[in-house]
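Here's the letter readout for the chains.
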Amino acid sequence: MKQLLILVALFLISNSLFAQESSINTFRSDECKFSAQFPEEPIIRKDSVQAQGNLLKITEYIAFSESGVNYSVTCNDFPMGKMLNSKSAILNTLNNGVTPRIGGEIQQIEEFEISDYHGISYIEESTQFTVYHQILLFDQKLLQIYVSGMNHDAREEAEEFYKSFEIN
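These remarks concern the structure in this document. (Residues numbered from 1 in each chain as written. Predicted model: local features only at pLDDT ≥ 70, side-chain atom pairs only at ≥ 80, totals over all residues. Heavy atoms only, no water.)

Some words on the packing of aromatic side chains
Taken as a whole and judged by the stated rule, the model has ten aromatic pairs. With a centroid separation of 5.8 Å and 85 degrees between ring planes, the pair formed by Phe27 and Phe38 is classed as edge-to-face. With Phe27 in strand β1 (residues 25-29) and Phe38 in strand β2 (residues 34-38), this residue pair connects regions lying eleven residues apart in the sequence. A relative accessible area of 0% means that Phe38 is categorised as buried. Through successive ring pairs, a cluster of aromatic residues spans Phe27, Phe34, Phe38, Tyr61, Tyr71, Phe161, Tyr162 and Phe165. (Phe/Tyr/Trp six-rings, centres within 6.5 Å; stacked < 30°, edge-to-face > 60°. Helix = DSSP H or I, 4+ residues; strand = E, 2+ residues; numbered from the N terminus. Buried < 20%, exposed > 50% of the residue type's maximum accessible area, 1.4 Å probe, protein only.)

Written out as structure tokens, the structure is:
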């Protein structure tokens, strides 16, 4: 009887672990040429804006975890990117885009690279939220990526999400 109870308990635990692992999905955007592990299939919102005589497409991918973490990738056309032909020009442009989004304070601005493309990561802290941001420029596209927790600091979730993020 004890062995049966132990087997049932092991079965339930293994199914629970498998269910948690399978809830993370690798999502691939052919349009914006990235893939990342979202906690669920992201909601996709599309829009466009007129800027300097160009119609710029904007696509936003948003997903929420059961634990209250918000994952977002916004991809928009950035034709000016073709004129940025050095790492310093790219990083200078991206640094100019580092602005508080939730009325918080910007902290820990750092450079990073993904597949030889340059980006800026930073943290924005407010009295209510901590938001982990990354901005990446590649192939005349600007990606703005962020992770934040609604009821807890989502540093670990942000680190895992950014590790899974790839340019395709």
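Some thoughts on the nonpolar core
By size, the foremost hydrophobic cluster in this structure holds 26 residues, and its most contacted members are Phe34, Phe38, Val73, Leu143, Phe161 and Phe165. Secondary-structure elements contributing two or more residues to this core are β2, β4 (54-64), β5 (69-77), β6 (105-114), β8 (130-138), β9 (141-149) and α3 (155-164). Listed in part, the eleven residues of the second largest apolar core include Phe78, Ile90, Leu91 and Leu94. (Core = buried A, V, L, I, M, F, W, Y, C linked by side-chain atoms within 4.5 Å.)

Regarding the pairing of β5
The buried fraction of β5 amounts to nine of the nine residues, a majority that puts the element mostly inside the structure. A two-sided burial pattern is seen for β5, the buried positions comprising Val69, Tyr71, Val73, Cys75 and Asp77 on one face and Asn70, Ser72, Thr74 and Asn76 on the other. Two strands pair when backbone bridges link them, and β4 and β5 are joined in this way by seven bridges, in the antiparallel orientation. Each bridged residue has a counterpart across the sheet, and for Ala63 the counterpart in β5 is Tyr71. Here β4 hands over to β5 after four residues, with Gly68 in that stretch at a positive phi of 90 degrees. Both β5 and β9 contribute to a ladder of nine bridges, which runs antiparallel. Considered in β9, the bridge of Val69 is made with Gly149. (Pairing = 2+ DSSP bridges.)

A closer look at the sheet that holds β5
Sheet architecture is open: seven strands sit in the order β3-β4-β5-β9-β8-β7-β6, paired in antiparallel fashion. Of all the strands in the sheet, the pair left with one neighbour each is β3 (43-51) and β6. The average undirected angle you get between the axes of adjacent strands in this sheet is 15 degrees. Where β6 and strand β7 (residues 117-125) come together, eight bridges link them in antiparallel fashion. Paired with Ile114 across the strands is Tyr117, a residue of β7. Together, β6, β7, β8 and β9 form the strand contacts of helix α2 (residues 87-96), whose direction differs from that of β7 by roughly 25 degrees. Most of the contacts of α3 go to β9, to which it runs at about 150 degrees, and overall it touches β5, β6, β7, β8 and β9. (Axes fitted to C-alpha atoms, helices over the stretch in contact; angles between N-to-C directions. Contact = heavy atoms within 4.5 Å.)

Observations regarding the state of the cysteines
Taken as a whole and assessed by the stated rule, the structure comprises one disulfide. Here Cys32 is linked by a disulfide to Cys75, with a sulfur-sulfur distance of 2.4 Å. Between Cys32 and Cys75 the disulfide shows an S-S torsion of about -100 degrees. By sign, it is left-handed. One end of the pair, Cys32, is in the loop between β1 and β2; the other, Cys75, is in strand β5, with 43 residues separating them in the sequence. (Disulfide = S-S within 2.5 Å.)

Some details on the pattern of salt bridges
Going through the model one piece at a time under the given rule, you end up with six salt bridges. Here Glu31 and Lys46 are joined by a salt bridge, their closest N and O atoms 2.6 Å apart. Highlighted residues: Glu31 in the loop between β1 and β2 and Lys46 in strand β3, separated in sequence by 15 residues. Given a relative accessible area of 30%, Glu31 falls into the partly exposed group. Glu160 is the partner of Lys163 in a salt bridge, and the nearest nitrogen-oxygen pair spans 3.7 Å. Note that Lys163 and Glu160 are positioned in helix α3 at a spacing of three residues, about one turn of the helix. Among the residues examined, Lys163 registers a relative accessible area of 63% and is labelled exposed. Each of Lys87, Glu111 and Glu113 takes part in salt bridges that share partners, so that together they form one network. (Salt bridge = Lys/Arg side-chain N within 4 Å of Asp/Glu carboxyl O.)

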